[in-house]
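Here is what each chain is made of, one letter per residue.
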Amino acid sequence: MPGPFTVSEVSDGIEMLIRNLLFAAAILLLGVGVKNPYHLELLTFIGIHTLLALGLNMLMGYAGQISLGHAAFYGLGAYATGILTVHWHWSPWISLPATLALAAAVALLVALPMLRLSGFYLGMGTLGFGMIGFILFRGWSSVTGGDSGLVGIPSLAVGPFTFSSGVRYFYLVWGTVFVSFILCERIVRSRVGRALRAIHDSEKAAAAMGIDTSRLKISVFVLSALFAALAGFLYAHLVSFVSPSSFDFLVSVRIVTMVVIGGMASIWGSLLGASLLTVLPDWLHVFSDYEMLVYGLVLMVVMIFLPQGLTRGILDLYERSRNRREGRSPSA
Amino acid sequence: MIPRNSKIGKALILGGMVLLLLASSVGWCKEPYKIGGVFSITGPNSFLGDPEKKSLEMAVEEINAKGGIDGHPLQVIIYDTEGDPTKAVLAVNKLISRDQVIAIIGPSNTPPTLAVVPIAEKEKVPLISCAAGIKITDPVKPWVFKTAQTDALAVAAIYAHMKKQNLKKIGILTVENAFGESGKEQLTGQAAAAGIQVVQGETFGAKDTDMTAQLTKIRTAQPDAVVCWGTNPGPAVVSKNVKQMNLKMPLYQSHGVASPKFIELAGDAAEGILLPTGKILVAKQLPDSDPQKAVLLRYIEDYEKRYQTPVSGFGGYAYDAMQILAKALRGTEGDKAKIRDNLEKVTGHVGVSGTFNFSATEHNGLGPDAFVMVQIQGGAWKLLAP
Amino acid sequence: MQEFLQYVFSGVTNGAVYAVIALGFSMLYRATGLINFAQGELVMLGALCLISLWQGLGLSLVLSIVLSVGIVSGVGIALERLAMRQVRKPHPIVLVIITVGASIFFRGIAMILWGKDARSAGPFSSNVPLEIAGATLLPQSLWVLAIMLGIVAALHLFYRKTLTGKAMEACAINKKAAWLLGVPSDRMVLLAFALSAGMGAVGGVLIAPITMSSYDMGTLLGLKGFCAAMLGGLGSSWGSVLGGLLLGILEALGVGFFSSALKDAIAFMLLLFILYVRPTGILGARAVHRF
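Residues numbered from 1 in each chain as written. Chains lettered and ligands numbered in written order. Predicted model: local features only at pLDDT ≥ 70, side-chain atom pairs only at ≥ 80, totals over all residues.

Undergrad: Describe the overall build of chain A, listing the residues and the values that go with them.
TA: When helices and strands are tallied, chain A shows 14 helices and four strands. Compactness check: chain A gives a C-alpha radius of gyration of 21 Å against a globular reference of 20 Å for 332 residues, within 12% of the reference. Principal-axis analysis of the C-alpha atoms gives chain A an extent of 65 × 50 × 50 Å. Put simply, of all contacts in chain A between residues at least 6 apart along the chain, 76% involve residues at least 24 apart. (Helix = DSSP H or I, 4+ residues; strand = E, 2+ residues; numbered from the N terminus. Rg over C-alpha atoms; globule rule 2.2 N^0.38 Å. Contact = placed C-beta atoms within 7 Å.)

Set out below in structure tokens:
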């Protein structure tokens with residue numbers, strides 16, 4: 001029967017709605033329930049990292065491209081708003097669109113020449129770009145404060161209501177995360193999303209089908225850069241201080257790890273990956289000197305045994321155990 | 001009065017002894033004072049954080065062994081910042097909100113310190129940093145203090161020595177991090193007043209393996225001396241390169257290399273190098289009249305005995321911070337505002353890093369006597385005559 | 001002129017080290033199509049092993065070198081066997097992340113075994129610098145150059161003259177076809193890992209006397225070595241040599257004529273440049289795998 005939606009799409013839509021409502025409820029509850037400022041701050045950082053992972057996931061998971069220099073966009077967002085608000089005394093609300101515009105411009109500049117290269121070269125190009133960004137943050141000390149960093153970034157405020165810290169910033173960040181999730185879900189379920197997945201599977205076939213692969217790849221790259229810059233903006237106004245060491249190569253690696261461990265091509269995977277990798281160093285601190293070793297080991301083990309990420313891995317395990325219990329043979 | 005019934009007498013005496021034992025073993029009927037410590041125990045600045053952590057723990061033990069402060073024992077909770085500002089922010093927030101500390105010692109280096117200063121100010125918790133950056137206490141912030149010598153003083157010591165040697169033109173080579181940058185600022189900023197001209201300034205990466213290119217550029221400008229500003233291992237490489245290139249002019253290093261490790265790394269390239277250091281490295285060579293000598297010798301002995309590893313100047317920052325904090329804690333019953341006020345009243349405190357005189361406008365408290373010039377001779381530090 | 005020559009000499013010293021690291025990347029890529037992001041850490045392990053065996057235990061130089069290379073090659077084999085081989089569906093991104101995890105793991109182990117401090121090693125022959133036309137060069141640099149050329153020559157012979165080498169080339173061209181013809185492709189991959197790890201170790205052994213070795217020296221070295229490999233052409237031995245030397249010299253000249261703050265950036269700017277202009281690298285003509 002012809003109609004705007006198929007049955008499975010409707011049930012899919014309802015499932016998504018329920019998930020989002022639960023998500024919103026969870027955010028509200030946490031904000032109200034968690035009293036300890038340290039825990040709130042940790043959750044806020046998880047939110048910022050989730051934005052980072054989400055953006056990169058769109059690029060890596062859905063479009064099948066890789067970026068090994070994403071920390072540069074993160075840093076760009078943080079430094080741009082820092083410089084605009086500290087040196088030029090702009091209001092943070094004006095520096096927000098300026099920061100995002102700058103990130104988009106840089107992303108375009110970087111992506112245009114590189115996206116005509118096949119995926120492997122793009123990854124290496126992003127690596128170079130990421131390192132150059134880091135060196136720039138450190139080297140241009142007159143503007144960025146160099147290694148000593150940029151102090152005195154003002155808090156966000158709407159009139160007399162300041163988002164200085166604690167619960168308010170928690171809601172601000174997680175509100176942004178929530179909106180971003182919805183945005184990404186819509187993209188993934190749209191024609192654009194399907195086109196992206198086509199590119200991921202085979203760029204040549206996608207092009208043969210009439211998909212403008214270059215334009216799509218560039219668009220996704222810019223989108224992921226925007227998410228990262230947004231995360232940087234939120235970071236800068238939370239900590240009110242930025243320094244280059246927060247945006248080095250290892251941070252880019254960490255963002256990629258979040259995506260990969262959480263699960264590529266899984267929006268919720270970004271949340272899982274970000275949470276784990278923000279909290280893990282804290283847990284691992286029990287191991288003190290062994291922390292690095294354990295971190296590397298965990299990374300390798302997860303990749304070897306659950307290469308599709310934890311989200312997929314856990315779901316797979318669940319499916320398999322359910323099949324076994326019901327006596328069914330493992331289905332596709 | 002002798003009890004007639006010996007059994008009652010024995011019971012009384014026993015009871016009295018038990019009570020006494022209980023009182024002495026428990027010892028503390030008072031709430032412990034919780035002190036927080038944030039240091040870069042792992043990561044690139046672990047050479048700072050590790051001795052600082054050890055020194056803080058040693059100081060706390062010393063104070064507790066003497067009965068604590070006003071009967072309150074000290075309890076110290078230490079977190080690792082890994083030299084990263086974000087982790088420092090998280091750690092300090094943890095200390096304040098979860099662990100409820102009344103004062104914080106650390107962080108070990110400048111960027112994390114600058115990141116946590118707003119928190120200390122907002123939450124009104126006294127913070128005594130062990131980092132060198134001059135921006136930490138200049139301009140003065142009410143709740144932030146520091147015990148590490150400022151690089152401004154180190155540069156002043158170097159320039160004073162150069163003036164005596166009649167060195168007019170210098171080339172500087174600074175490391176690309178906060179320490180190096182601050183050093184560069186001070187070197188260029190104080191040069192004119194000292195009658196010195198910086199003819200060439202170059203930088204190097206902390207992990208760079210070869211600085212001959214930068215030294216070549218400096219050599220072209222024909223300076224009378226070269227000043228290298230960094231922390232191990234870079235300056236050791238620079239020293240080796242200087243020797244390799246047969247540069248004859250004197251080489252000055254910063255107090256960032258004031259540890260036995262530098263001599264080990266630089267080998268015979270260390271010979272003849274001049275640098276400012278805290279007095280701890282040449283404690284035995286100090287004249288007996290020096291007020292710091294006794295404090296230093298005791299610190300060195302205690303530290304080396306307990307940890308079986310040689311001291312460096314850096315641990316002293318945390319040690320001094322705790323001793324000063326202990327003085328400020330007296331009579332406050334844990335009231336943070338009172339602690340803060342008391343900190344500003346600490347004067348004439350003879351510490352490992354120098355003699356401290358705090359005030360409402362001076363939150364670092366050290367003067368030029370915090371540094372002495374030494375030269376490496378025969379693989380050892382030789383105190384130079386002032 | 002003296003200055004220019006000095007820049008070239010410092011550039012050549014660093015460049016030769018980059019070249020040896022690049023050879024490791026190149027060689028592995030040629031045989032398996034993989035990039036091992038732990039290559040820099042293998043260099044670090046080679047350097048630290050040398051220091052421990054030679055200065056710490058007092059073994060002879062030659063024995064220390066042989067043992068260091070052997071140990072690190074063993075690490076490479078372990079990496080391949082225990083980590084890479086276990087993956088059931090080897091998607092390239094997954095394999096890359098595994099090597100990234102491995103690099104962190106190796107760094108962690110090094111931190112525990114050797115502590116956080118830097119260590120230095122003495123020179124192979126002498127520390128007396130050679131003076132050539134007013135510029136100085138350490139004898140150690142000549143060692144690095146000589147051994148680098150030796151490795152290239154050995155690789156050349158290996159690929160052209162030995163059966164194993166030809167088998168590895170066959171695997172690189174088409175793994176399934178080679179396997180059908182009787183080439184044990186699994187073992188070839190293992191060999192490739194062992195050899196490239198060994199080369200990384202040699203790089204570490206050579207660099208230890210020149211600079212300070214510590215548990216975190218590998219990251220930037222690995223990245224720069226990779227840039228050198230890309231510059232010269234991934235998969236080409238002479239390309240690695242060319243890329244390494246070129247990178248080293250351009251770095252030194254960049255410091256000399258522009259600014260020392262740019263030094264690290266030069267490697268990555270060259271990387272971007274070569275990607276824009278000629279992605280296969282200066283001497284690269286090999287077909288490149290897609291990710």
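Past the structure itself, the notes keep going.
Undergrad: Which residues make up the overall build of chain C, and what values go with them?
TA: Helices and strands together make up the secondary structure of chain C, namely 11 helices and two strands. Counting from the amino terminus, helix and strand elements in chain C follow one another as α-α-α-α-β-β-α-α-α-α-α-α-α. Computed over its C-alpha atoms, the radius of gyration of chain C comes to 19 Å, within 12% of the 19 Å expected for a compact globule of 291 residues. Over its C-alpha atoms, taken along the principal directions, chain C stretches across nearly 60 × 50 × 35 Å. Counting every position in chain C, which comprises 291 residues, the buried fraction comes to 62%. The contacts in chain C between residues at least 6 apart in sequence include a share of 77% that link residues at least 24 apart. (Buried ≥ 20, exposed ≤ 12 C-beta atoms within 10 Å, placed from the backbone.)

Undergrad: Summarise the environment of valine 167 of chain A; cite the residues concerned and give the values.
TA: Residue position: valine 167 of chain A is located in helix α7 (residues 166–189). Between the C-alpha atoms of valine 167 of chain A and leucine 59 of chain A, which are 108 residues apart in sequence, the distance is 31 Å.

Undergrad: Explain the interface of chain C and chain A to me, using residue names and the numbers behind them.
TA: Across the boundary between the two partners, chain C contributes 36 residues, which contact 34 residues of chain A. Put simply, the parts of the chain that give the side of chain C that touches chain A at least two residues each are α4 (92–114), α9 (218–232) and α11 (263–277) of chain C. Of the residues forming the side of chain C that touches chain A, the biggest block, 14 residues, is contributed by α4 of chain C. Per-class residue counts for the side of chain C that touches chain A are 26 nonpolar, six polar and four charged. (Nonpolar A, V, L, I, M, F, W, Y, C, P; charged D, E, K, R; others polar.)

Undergrad: Now, about helix α3 (residues 71–86) of chain A: what can you tell me, with residues and values included?
TA: Compared with the 22 Å implied by 1.5 Å per residue over 16 residues, the 22 Å span of α3 of chain A between its first and last C-alpha is a close match. Of all the 16 residues making up α3 of chain A, 15 are buried; the element is thus mostly covered by neighbouring parts of the structure. (Expected span 1.5 Å × (residues − 1).)

Undergrad: Which residues make up the environment of leucine 54 of chain A, and what values do they have?
TA: Within the element layout of this structure, leucine 54 of chain A appears in helix α2 (residues 37–62). C-alpha of leucine 54 of chain A to C-alpha of cysteine 184 of chain A: the two residues are 130 residues apart in sequence and 8.3 Å apart in space.

Undergrad: So what about the interface of chain A and chain B? Which residues, and what values?
TA: In this complex, chain A contributes 20 residues to the contact, which on the side of chain B involves 22 residues. Looking at the side of chain A that touches chain B element by element, the count peaks at four residues for α2 of chain A. Among the residues forming the side of chain A that touches chain B, the class breakdown is six nonpolar, 10 polar and four charged.

Undergrad: I'd like a rundown of helix α10 (residues 237–257) of chain C, residues and numbers included.
TA: Between its first and last C-alpha atoms α10 of chain C spans 30 Å; for 21 residues at 1.5 Å apiece the expected length is 30 Å, and the two agree. Counting buried residues along α10 of chain C, 15 of its 21 residues qualify, which places the element largely inside the surrounding structure.

Undergrad: I'd like a description of the sheet that holds strand β5 (residues 144–146) of chain B, backed by residues and values.
TA: Residues and elements named next belong to chain B. The five strands are arranged β2-β1-β3-β4-β5 in an open sheet whose pairing can be described as parallel. Lying at the two open borders of the sheet, with one neighbouring strand each, are β2 (74–80) and β5. Within the sheet, the average angular offset between the axes of one strand and its neighbour, ignoring direction, is 25°. By the bridge criterion, two bridges tie strand β3 (residues 103–105) to strand β4 (residues 127–129) in an arrangement that is parallel. Across the sheet, the residue bridging to isoleucine 104 is leucine 127, located in β4. The strands that helix α2 (residues 46–65) touches are β1 (33–39), β2 and β3; relative to β2, the one it contacts most, it runs at about 170°. (Pairing = 2+ DSSP bridges. Axes fitted to C-alpha atoms, helices over the stretch in contact; angles between N-to-C directions.)

Undergrad: Requested: an account of the confidence of the model for chain C, with residues and values cited.
TA: Summarising the model, chain C shows a mean pLDDT of 85, and 96% of its residues fall at 70 or more. Taken over the whole predicted complex, pTM reads 0.83, whereas the ipTM for its chain interfaces reads 0.82. (pLDDT = per-residue confidence, 0-100.)

Undergrad: An account of the nonpolar core is needed here, citing residue identities and associated values.
TA: Grouped together as the largest cluster of nonpolar side chains are 325 residues, with contacts concentrated most on Val20, Cys227 and Leu271 of chain C. The dominant element in this core, judged by the number of residues it contributes, is helix α1 (residues 2–32) of chain C, at 17 residues. Counting the residues that make up this core, at least three belong to each of domain 1 (33–149 + 293–367) and domain 2 (152–277) of chain B. When residues no more than four places from it in sequence are discounted, the contact partners of leucine 271 of chain C are Met124 and Gly128 of chain A together with Cys227, Met230 and Leu231 of chain C. (Core = buried A, V, L, I, M, F, W, Y, C linked by C-beta atoms within 7 Å. Domains from an automatic or database assignment.)

Undergrad: Tell me about the packing of α9 of chain C against α10 of chain C, and please be specific about residues and values.
TA: All names here are of chain C. Close contact between α9 and α10 brings their axes to 7 Å; oriented N to C, the two are set at 120°. As judged from the angle between their axes, α9 and α10 are oblique. Between α9 and α10 lies a crossing whose hand is right-handed. Contacts between α9 and α10 involve Lys224, Cys227, Ala228, Ala229, Leu231 and Gly232 from the first element and Gly239, Ser240, Val241, Leu242, Gly243, Gly244, Leu246 and Leu247 from the second. Residue composition of the contact of α9 with α10, by class: eight nonpolar, five polar and one charged. (Parallel < 35°, antiparallel > 145°, perpendicular 65-115°, else oblique. Left-handed = near helix turned anticlockwise from the far one by under 90°.)

Undergrad: Just give me the short version of unusual backbone geometry, but keep the residues and values in it.
TA: In this structure, the amide linkage connecting aspartate 138 of chain B to the following residue, proline 139 of chain B, adopts the cis form with an omega of 10°. Note on placement: proline 139 of chain B falls in the loop between β4 and β5. That bond from asparagine 232 of chain B to proline 233 of chain B is cis: its omega, 5°, falls within 30 degrees of zero. Following the sequence through the fold, proline 233 of chain B ends up in the loop between β8 (225–229) and α8 (234–244). Its identity as a non-glycine residue notwithstanding, serine 240 of chain A has a phi of 60°, on the positive side. One can find serine 240 of chain A in the loop between α10 (213–239) and β4 (241–242). You will see that lysine 124 of chain B, though not glycine, has its phi angle at about 55°, which is positive. Among the structural elements, lysine 124 of chain B can be located in the loop between α4 (110–123) and β4. Judged by the 12 C-beta atoms lying within 10 Å of it, lysine 124 of chain B falls in the exposed class.

Undergrad: Before we move on, could you go through the packing of helix α2 (residues 39–56) of chain C against α4 of chain C and cite the residues and values that matter?
TA: Helix-helix packing is described using two parameters, namely the angle between the two axes and the distance between the axes. Residue and element names in this part refer to chain C. One way to put it is that α2 packs onto α4 with a least axis distance of 9 Å and a crossing angle of 20°. Classed by the angle they form, the pair α2 and α4 counts as roughly parallel. The element α2 and its partner α4 pack so that their crossing is left-handed. Along its contact with α2, which presents Gly40, Glu41, Met44, Leu45 and Leu48, the element α4 presents Ser103, Phe106, Arg107, Ala110 and Trp114. Class assignment for the residues of the contact of α2 with α4 results in six nonpolar, two polar and two charged.

Undergrad: Tell me about the pairing of β8 of chain B, and please be specific about residues and values.
TA: Two faces, one strand: in a regular strand the side chains alternate between the faces of the sheet. Residues and elements named next belong to chain B. Buried residues dominate β8, accounting for five of its five residues. In β8, alternate side chains face the same way, and those of Ala225, Val227 and Trp229 on one face and Val226 and Cys228 on the other are all buried. Once the chain exits β8 it traverses α8 before rejoining the sheet at strand β9 (residues 251–252), and the crossover so formed is right-handed. (Right-handed = clockwise from strand over helix to strand, strands pointing away.)

Undergrad: Tell me about the pairing of strand β6 (residues 169–175) of chain B, and please be specific about residues and values.
TA: Residue and element names in this part refer to chain B. Most of β6 sits inside the fold, with six of its seven residues counted as buried. The sheet contact formed by β6 and strand β7 (residues 197–204) spans seven bridges and is parallel. Its bridge partner lying in β7, glycine 171 is registered against glutamine 200. Bridge count between β6 and β8: five bridges; the pairing is parallel.

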